[in-house]
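Each chain is listed here by its residues.
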Amino acid sequence: MKLVEDNIKQSNEELAVSTVSSTNKTFDKSDKDKLGTLTNLHESLEQSKVLSVAIDVNGKIIFINQAMLATLKCEDTELLNRSILNHFLFEESESFKADNFLELLKKNDFNESITARVHLNNEKFHFRLSPITSKNHNGEIVCVTFIGENITERRKVRDTLEKTNAQLKELFDNSSDLIQIFNSEGVMRFANEAWKNKLGYNDKDLETLTLKDIVQEEYWDKTKEKLKSIAAVENFEKFETVLVSKYGKNIFVSGRIHCTKENDIPIEFRGIFYDTSERVRAEKAQSLFYKIANVTTTSYNLDILYASIYLQLNSILKIQNFAVALKENSQITFPYYISEAAVGEEIPEYKELGKILAEYTFERRKPLMIYEDGIRRITKTKKLKIKGPLPFIWLGVQLIIEGEQKGVISFHSFRDRPAYNHKDLELLDFISSQMSMAIERKRQEIQIKNQNARIKAIFESSTHEIWSIDRNYNITSFNQNYADILSNFYDINIEDKLWGQTRKKHEQQFGTSWIEHYEKAFEGDVVNFQTELSDITDNTIWRDVFINPIQNPDGKVEEVSVIANNITEKKLSEIALAESEEKFRTIFESIQDIYFRCDLSGKIVMISPSATEILGFEREELLGADIGKFYNIQSEVDNLFEELSAQKSIRNLDATLSTNSGEQLQCLCNVRMIYHKNTPIQIEGVVRDISQLRKAYEELKSAKDLAEKSLKVAEKSLKVKERFLANMSHEIRTPMNGVIGMIDLIASTKLDEEQQDYVKTIKKSSETLLHILNDILDLSKIEAGKMELRSNPVKIKYTFEKLYDLFSRQARVNQNSLYYHLADNLPNVVYADETRLLQILSNLTSNAIKFSKSGGTIHISAKEIKRTNNKSSIRVQIKDSGIGISDEDQKKLFNSFMQVDNSITKNYGGTGLGLAISKELTKSMSGEIGVHSTLGLGSTFWFTFKAEIAPGDVTIEDWTHVESGFTDEFENKQPYLLVVDDNSINRKVAGQILKKAGCSVDEAISGKEALKKVHNNKYDLIFMDIQMPEMDGIKTTEKIRSLGLDKVPPIVAMTAYSMEEDRSRFLSQGMDDYLPKPIKAKDLISKVKDWLKFEPKGVDSIIFAEDNSDDEGLIINQNTLSNLCRHGGKEILRPLLEDFDRETQEQLVNCYKALKNDDYEGVRLELHTMKGSAGTLGIERIAKCAETIEAELKKNKPKDLNKKLEVLNERFKEFQENSTKVFDDSIVN
Amino acid sequence: MKRVIIAEDSSVIQNLTKKILEIQNYEIIGAKNGEQVLEKLNQEDFDLILMDINMPVMDGMDCARAIRALPNKTKSAIPIIAITGNAKNYSLADFKEAGINDYIPKPLNFDNLVEMVHRYTETNVN
């Protein structure tokens, strides 16, 4: 069929092409006039093979060429001058009507080719004719020439084919197979009647329909693939797909498709299918049943079940609207429904309609398929008004559960009346029975589940352990409590199947007694027993266990249930009670005092065995006897009863007991009334024989009196000693003040060498004397318990820095090196008495320096040894490389006035009190002190102390931060000072020293005079004695401050109360500073320096010279490094010193080079840089050395520069040796 | 972060100063002499110059004078602190004349250094 049509079309196209091309070539219409006469045209056509005929405006044939005549097999005479319409029968088309052929001709209104049929001599011809219009000069048409082609043969073929075609079509249409033809683009070309009926499309629809529209969406890709493969191999293949009807219904089809190709390009597909929907449906229905059966068992709840059923149904039937209606208490609810809302119109709420239809289904008691009109009728009878459209079709089946109508399952369509049929209803009916069962089962399951949950809750919420066990010793059920017991006490995981499930294993696990109890229960008895159970940590519990047989209906016992209850508390209290009873009895039996009980009449009803011993009566004699027979209470017995009734108990009652031998025993007793339900029933009491105790007490008292007396004497003598010492020290200090002050003054006068030596000796002696004096005072103070330690925040690091500062130079002078190391575990800040701590440290350090050989090293280290809460125990040790101490001497070491080797005392100096004081001080710091030593190998002194750790936010002033005082105009001016002292020696000493130093000094002998002078003069600074008659220094200061001066000069207290606690007292009482007596010139002047920034002059006496003589500084000042660490962190130290090492080496090399070239300025520049960096790093000896040489270079060109550089080189080597030491010992913290 | 040039021919002092000021959150750029200072200043902006007086090639005094003579107003106003052992006994007036704002004596006290650097970088806002 396809071929037929194709051929027709093709020939038409060919014809059209040839006509046009010929026209174009020869007779272009625009060229027609130029062409000249008509004759030219006809002449040329005459011999042409092209068929041609021409007519005039009246349709008369005026020309016919040879080719045409040959075709028609006639002479031109038969046709010329005859109307063309006589012989040519034109086929009409839309633009061409044969009736007005002439009209059209005249109007020149047709120029398309037309087809004409010619009947001539019993022969039929068909021509396709193309007109060429010829006009005269006036533009009027004169002639139309047709160029033609004989299409007679083709026409014949076509007609035949058309006929065959119609026959085939009829055949197709009558076939029940679905036949369709579509081109490679999927455009529908043809479909037979069966196809149209099945899919619901008419011919009009077909015109716009494509394959994609009718293939079910999900199958489209597969279908396309299949078509491609058919097109590729060109062969008939079994073809299956799903088509969709106009109403959206799925139609499963199976059949063959053939592909027509031209030049290997697929042109057309022809498909012959048959509808397999029924078969597919049957198959699907089959699987649906299985699936629904499956769904009912796998769905957790009914909602999921409904949804699953819907999905399954929908996979077979296209269901847009689905509902499950359930009837409960004659109410209809819809636990599940699906409704479409995409058909254009608003779909009405289904529920109302659904209810009516469900009720209707109940009435009819059978599966129903109702069409729109039926639904309308039902709504009318039920008087229900529904807005919007009604479903075209509705299918519903009742759900019958346990013989009762429980609901309706239904689906309906708003789209298509034939959407569903009776087969679908059958399917639904089948499903409904499945579904009823499923719903029923689900409901039961839920009920069971609820029931189970309830029982389980009861089971688990109990505090009892509950389990059951069968004859094979399998645990058949248990609650969590039991599982816990198993896991806690038997180390059994109940989920673990490996633990004892046989009698033997059970016996091993739980013991024989349990098996016996179980066996008894299996015989039908209820068993109750108590049992003790311990876990690995000896945690013991007691349980009360009930085993109940579970009897089957036939009376056999296959299982027993067990309930166990923890009764530990109860059991333990029972045991405790028994124990306490036992205890009480033992006490009662062994009591030394007499315990008794008597009734209200005084008859003894109970008495402890001790009574027999104490009183000498037999127990029988005592029991039942009247208590008054033995018991003499000093007060009236009657009163005792009254008192007892009133007070319920009487304590420490004095009484006497009569013994069998008539002796009266002194006793003390406690008596108590015993009540039973608020009524007194008995009296109990404890009686103690205190005769012996009394005696002892008397003796003790007389002894104590004696002791108190002697103590008072002792205390008095101690106080005397204390006062004596305090007074004496003060008395000694005052003249010492004169001595020391005057020595300083003498030293500042011109002395010869011998004299200088004498003065030095006097000074040293007087200082020693002062030192001894201070030590004695300290010790006596400590011994008198008057040494009160203060508790201020102390930064441990600073304390050690101070110590280092105090002693590093002294060590240097003795050719020793001093290092200190603080462990990282030390607390930062503690509450302690820093002065006293430093005192201990100084004593030990100065000893170490004193007793070290030259070139020795002294290591001081501290670490925390214990920390409890916020208390830190700290241990400090000072290790020297000195002469060492023998074991024997070590023992005496810490006693007062003891220095080890008397013969060398002179060599080393000192009072021998330092260690004794240190020992006392450590004791008062809750610490200890001691020494390890080997003779000749040095000693290690150590001490410990306890201190509270201060919180991190406590601020400590940096000790290196120097108070600036006044930085004012006095720098270059002579200071004007006032010295106030009642003692003329003191005034003289202070005054002279200050004058020598370049100050202008006034003196005042009393507070009163001082006030006057201050009022009249502007002093820069006042030195004020504290102890003065009439008005003391503090009072005077107070008055000075209240004078209302513009500027009160700083006031420095001078006093012999040289104790640290005094200092703070004076400062708090208005003094600005404090200077202890005896006054030393150096200290006095430095106060002026500090307060007035005044540079004193003329005091370069031996005393000051001594301090600075050959002080080359330290090799490495640890404090400077420590300060660097504070800014830059510990880790900078090593690279820094390495840097310095390298750079200094370079500089030294440069110096030597410059020296060779006589470049003195070059040497100086190197040394200048070296001085700066060495000084910054605290490498003092190098800095000093470089500085000295640099200073000389500034003045001249020293000849021995080479030697000097050697010294510097030595210093550098010294540094190198020591710098490694710094790290080896990691002494820098 | 404030940026500071430290001009110092001793690498010991330079490294130490760098380290300490870096801990104080400064960005430190080192220079070995006055010429290097001028080069660096020409390329970038800085907040402060710490300068040794005694340096080879171009000493601190000359360098300070050169900086003060720069055409760029911001650059010529940068604070300069001398770090010096003061070998030539310059007075503070001498330093001021050369355009040096302040000085820190050698041996260096680092409390002093940190305080001074803080002070000059903070007032450098205008």
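Quantities reported herein were computed from a predicted structural model and do not represent experimental measurements. (Residues numbered from 1 in each chain as written. Chains lettered and ligands numbered in written order. Predicted model: local features only at pLDDT ≥ 70, side-chain atom pairs only at ≥ 80, totals over all residues.)

Novice: Looking at this model, I keep getting lost on the overall build of chain A. Mind explaining?
Specialist: When its secondary structure is counted, chain A shows 40 helices and 39 strands. Across the 1229 residues of chain A, 30% fall into the buried class. Restricting the contact set of chain A to residue pairs at least 6 apart, pairs at least 24 apart contribute 58%. (Helix = DSSP H or I, 4+ residues; strand = E, 2+ residues; numbered from the N terminus. Buried ≥ 20, exposed ≤ 12 C-beta atoms within 10 Å, placed from the backbone. Contact = placed C-beta atoms within 7 Å.)

Novice: Can you walk me through the interface of chain A and chain B in this structure?
Specialist: The interface of chain A with chain B comprises 20 residues on the first partner and 18 residues on the second. Of all the secondary structure elements, the ones that give two or more residues to the side of chain A that touches chain B are α36 (1118–1128), α37 (1133–1156), α38 (1160–1176) and α39 (1180–1195) of chain A. Looking at the side of chain A that touches chain B element by element, the count peaks at 8 residues for α38 of chain A. Considering only residue class, the side of chain A that touches chain B consists of 6 nonpolar, 10 polar and 4 charged. (Nonpolar A, V, L, I, M, F, W, Y, C, P; charged D, E, K, R; others polar.)

Novice: It is not clear to me how α36 of chain A should be interpreted in this structure. Could you clarify?
Specialist: Along an α-helix, residues three or four positions apart point the same way, because every turn accommodates 3.6 residues. All of the buried residues along α36 of chain A are Q1118, N1119, T1120, L1121, S1122, L1124 and G1128 of chain A. Here the buried face of α36 of chain A lies against α25 (796–813), β29 (817–822) and α37 of chain A together with α1 (11–23) and α6 (110–122) of chain B. Where α36 of chain A terminates, the next one or two residues include G1129 of chain A, which has phi positive at roughly 85 degrees.

Novice: Whenever I open this one, unusual backbone geometry confuses me. Can you help?
Specialist: Most of the time, phi is negative for any residue but glycine, and the peptide bond is trans. Cis geometry is found at the peptide bond from K106 of chain B to P107 of chain B, where omega equals 0 degrees. Structurally, the position occupied by P107 of chain B is in the loop between β5 (102–105) and α6. Of note, the phi angle at K648 of chain A is positive, near 75 degrees, even though the residue is not glycine. Overall, the presence of 13 C-beta atoms within 10 Å leaves K648 of chain A in the partly exposed class. Backbone geometry places K677 of chain A, a non-glycine residue, at a positive phi of 50 degrees. Mapped onto the secondary structure, K677 of chain A falls in the loop between β26 (664–676) and β27 (679–689).

Novice: I'm lost on the sheet that holds β5 of chain B in this one. Help?
Specialist: By way of backbone hydrogen bonds, the strands of a sheet pair with one another, either parallel or antiparallel. Residues and elements named next belong to chain B. Pairing within the open sheet is parallel, and its 5 strands lie in the order β2-β1-β3-β4-β5. Two strands close off the open sheet at either side, each with one partner strand: β2 (26–31) and β5. Going from strand to strand, the sheet's axes swing by 20 degrees on average, the running direction of each strand aside. Relative to strand β3 (residues 48–52), strand β1 (residues 2–7) runs parallel, the two being bridged by 4 bridges. If you follow I6 over to β3, its bridge partner there is L50. Relative to β5, α6 is tilted by about 165 degrees, and along the sheet it contacts β1, β2, β3, β4 (80–84) and β5. (Pairing = 2+ DSSP bridges. Axes fitted to C-alpha atoms, helices over the stretch in contact; angles between N-to-C directions.)

Novice: What is the right way to look at the packing of α37 of chain A against α38 of chain A in this model?
Specialist: Geometry of a packed helix pair, given as the angle between the helix axes and the separation of the axes. Residue and element names in this part refer to chain A. Closest axis-to-axis distance for the α37/α38 pair is 8 Å, and the angle between their directions is 160 degrees. Overall, the two elements α37 and α38 adopt an arrangement that is roughly antiparallel. In the packing of α37 onto α38, the handedness of the crossing is left-handed. Of the residues in α38, those touching α37 at F1140, E1143, T1144, Q1147, N1150, C1151, A1154 and L1155 are G1162, V1163, E1166, L1167, T1169, M1170 and S1173. Residues that form the contact of α37 with α38 fall into these classes: 7 nonpolar, 6 polar and 2 charged. (Parallel < 35°, antiparallel > 145°, perpendicular 65-115°, else oblique. Left-handed = near helix turned anticlockwise from the far one by under 90°.)

Novice: I would appreciate a short explanation of the sheet that holds strand β18 (residues 475–478) of chain A in the present structure.
Specialist: All names here are of chain A. One open sheet accounts for 5 strands, arranged β18-β17-β21-β20-β19; its pairing is antiparallel. Edge strands, defined here as strands with exactly one partner in the open sheet, are β18 and β19 (527–534). Across the sheet, the mean angle from the axis of one strand to that of its neighbour is 25 degrees, orientation sign disregarded. With 6 bridges joining them, strand β17 (residues 465–470) and strand β21 (residues 557–566) adopt antiparallel strand pairing. Bridge pairing in β21 places I469 opposite V560. The sheet strands contacting helix α16 (residues 480–489) are β17, β18 and β19, and the helix crosses β17 at an angle near 85 degrees. Its contacts with the sheet put helix α18 (residues 512–522) on β17, β19, β20 (540–551) and β21, and the angle it makes with β20 is roughly 25 degrees.

Novice: In this structure, what is going on with the pairing of strand β14 (residues 368–371) of chain A? I would like to understand it.
Specialist: Every regular strand shows the same layout, with side chains that alternate between the two sheet faces. Residues and elements named next belong to chain A. Alternating positions in β14 separate cleanly, L368 and I370 being buried on one face and M369 and Y371 remaining unburied on the opposite face. With 4 bridges joining them, β14 and strand β15 (residues 393–401) adopt antiparallel strand pairing. By the bridge assignment for β15, L368 is matched with G396.

Novice: Would you mind showing me how to read the packing of helix α24 (residues 753–783) of chain A against helix α29 (residues 914–924) of chain A here?
Specialist: Residues and elements named next belong to chain A. Contact geometry of α24 with α29 gives a least axis separation of 10 Å together with a crossing angle of 30 degrees. Judged by the angle between their axes, α24 and α29 are roughly parallel. As for the relative orientation of α24 and α29, their crossing is left-handed in sense. Seen from α24, the contacting residues are D775, D778, L779 and I782; seen from α29, they are G914, A916, I917 and E920. Residue classes in the contact of α24 with α29 are distributed as 4 nonpolar, 1 polar and 3 charged.

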